[in-house]
Amino acid sequence: MPENYDVIVIGGGAAGMTAAMYSGRARLKTLLIEKSLIGGLATNTALVENYPGFPDGIDGTDLMRLFDKQFRKFGVDIKLTDVKSVENPGDYKLVSTFRTDYRAPVVIAATGGRPRLTGAPKEECFKDKGISFCAVCDAPRYAGKRVLVIGSGDTALEEGIYLTRFAREVLISVRHEEGKTRANKAVREKALANPKIHFLWNTAAAGFEGDDLLGQVILKNTKTGECSPVDVDGCFFFIGFLPNTHIFEGLLNLSPEGYIITNEDMETGIPGIFAAGDVRKKTLRQIATAVGDGATAAYMAERYVGEFKFRY
């Protein structure tokens, strides 16, 4: 038989922990399911300087530990397991893991996502040791240094421009012919005109080298096949973000990129299923916005559960 809850939160990042905290504090029987480690992508950031309340900044892992400590105070149950499926057979939603099924009138999807990687050798060795996925988070670490951006879309060029506020030089590796990017014309022209930015056309990452920290990116010329080492202090990947929404395919309305589409109340269109954080289709993906999403989703969940119990 399935185990019964009022609210099931899927995902243990900033959005999921916030939603669980609000639900638990509202005295709803709440379950949080996380497939790996509590904390999400924020744990990949060595220094978070733009989350309110920490004027000196805080390590991303330390911040998530504080989130973890706080939401556990409110009696939230936690299961570290992978979700196999989510079904909506009727008034209750059914969340199945590989060992147990759980049932609740409300599910909050806070499954987040993951940055797209290059697949080049040794990139896993230098995550948060020179390889980053967030310029807003990590740019100050590279003040006066030389960094490489991989990508050619709007985000890559916009983040490259942002990095010039701190770095002495920003290299941008682009797979395409000279002058061609996937960014819109205005952003492309702005980046091309920036004296701190230098484009490396027809190149793709072929490897990463260094000791404890990243020191070189090996770039392969996509036309000639020749590989060249480029000395850098840091490397930023902006080649896409992959939302973790495979368990919601066929159930929820997803954008062409795979993000869950919601309204401002985090409603997905299916009564009782809400979404929060990076898994949503949204403009800005930050810890602060994830917290706001999680709080809103849990508030709406509390209202839904109240109405649900009144009906039954």
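Residues numbered from 1 in each chain as written. Predicted model: local features only at pLDDT ≥ 70, side-chain atom pairs only at ≥ 80, totals over all residues. Heavy atoms only, no water.

Undergrad: If you had to explain the sheet that holds strand β10 (residues 131-132) to someone new, which residues and values would you point to?
TA: Pairing within the open sheet is parallel, and its five strands lie in the order β10-β17-β11-β12-β13. Two strands lie at the open edges of the sheet, namely β10 and β13 (197-200), each paired on one side alone. Note that strand β11 (residues 146-150) and strand β12 (residues 169-173) share five bridges and pair parallel. Paired with V147 across the bridge in β12 is V170. Contacts from helix α4 (residues 154-163) reach β11, β12, β13 and β17 (234-237) within the one sheet, and its direction differs from that of β11 by about 170 degrees. (Pairing = 2+ DSSP bridges. Helix = DSSP H or I, 4+ residues; strand = E, 2+ residues; numbered from the N terminus. Contact = heavy atoms within 4.5 Å. Axes fitted to C-alpha atoms, helices over the stretch in contact; angles between N-to-C directions.)

Undergrad: Account for helix α1 (residues 14-25), naming residues and giving values.
TA: Under the 1.5 Å per step criterion, the end-to-end length of α1 is 16 Å for 12 residues, consistent within 8% with the ideal 16 Å. For α1, the tally of buried residues reaches 10 of 12 residues, placing the bulk of the element in the interior. Residues of α1 that are buried include every one of A14, A15, G16, M17, T18, A19, A20, M21, S23 and G24, and no others. After α1 finishes, the residue R27 shows a positive phi value of roughly 65 degrees. (Expected span 1.5 Å × (residues − 1). Buried < 20%, exposed > 50% of the residue type's maximum accessible area, 1.4 Å probe, protein only.)

Undergrad: Any chance you could break down the pattern of salt bridges for me, citing the residues and the numbers?
TA: Opposite charge on two side chains makes pairing possible when the charged atoms of those side chains draw close. Scanning all chains against the criterion turns up 10 salt bridges. Here R72 ties to D68 by a salt bridge, and the two come within 2.2 Å at their closest N and O atoms. On the criterion of helical spacing, the pair formed by R72 and D68 is a turn pair, its members being four residues apart in helix α2 (residues 60-72). Judged by relative accessible area, which is 16%, D68 ranks as buried. The closest approach of N and O atoms between K127 and E124, which form a salt bridge, is 3.2 Å. (Salt bridge = Lys/Arg side-chain N within 4 Å of Asp/Glu carboxyl O.)

Undergrad: Report on the state of the cysteines, specifying residues and quantitative values.
TA: Using the criterion set out here, one finds one disulfide in the structure. Across a sulfur-sulfur distance of 2.3 Å, C134 and C137 are joined as a disulfide pair. A torsion of 70 degrees about the S-S bond marks the disulfide between C134 and C137 as right-handed. Of all cysteine sulfurs in the structure, the one in C235 sits closest to C125, which takes part in no disulfide; the separation is 14 Å. The cysteine C227 is free of any disulfide, with C235 supplying the nearest cysteine sulfur at 15 Å. (Disulfide = S-S within 2.5 Å.)

Undergrad: Please provide a residue-by-residue account of the nonpolar core, values included.
TA: Among the nonpolar cores identified, the biggest contains 36 residues, and F67, I108, F274 and I287 are the most heavily contacted of them. Counting only elements with at least two residues in this core, the list comes to β2 (7-10), α1, α2, β8 (106-109) and α6 (287-311). Looking at this core element by element, the count peaks at 10 residues for α6. When sequence neighbours within four positions are dropped, the list of residues in contact with F67 reads A14, M17, T18, Y51, I287 and V291. (Core = buried A, V, L, I, M, F, W, Y, C linked by side-chain atoms within 4.5 Å.)

Undergrad: Give a description of the side chain of N194 that names residues and reports values.
TA: Position of N194 among the secondary structure elements: in the loop between α5 (185-193) and β13. One polar contact links N194 to T164, side chain to side chain, over a distance of 3.5 Å. Aside from chain neighbours lying at most four places away, what touches N194 is I161 and T164. (Polar contact = N/O pair within 3.5 Å; in protein donor to acceptor, adjacent residues only side chain to side chain.)

Undergrad: Outline α5, listing residues and values.
TA: Taken together, the buried positions of α5 are occupied by V187, R188 and A191. For α5, the angular spread of the buried residues around the axis is 100 degrees, confining them to a single face. Across α5 from its buried face, at more than 90 degrees, point the exposed residues K185, A186, K190 and A193. Residues of α5 that are buried make contact with α4 and β13. For α5, the N-terminal cap is N184; the gap from its side-chain oxygen to the backbone nitrogen of A186 is 3.1 Å. (Arc of directions from axis to C-beta.)

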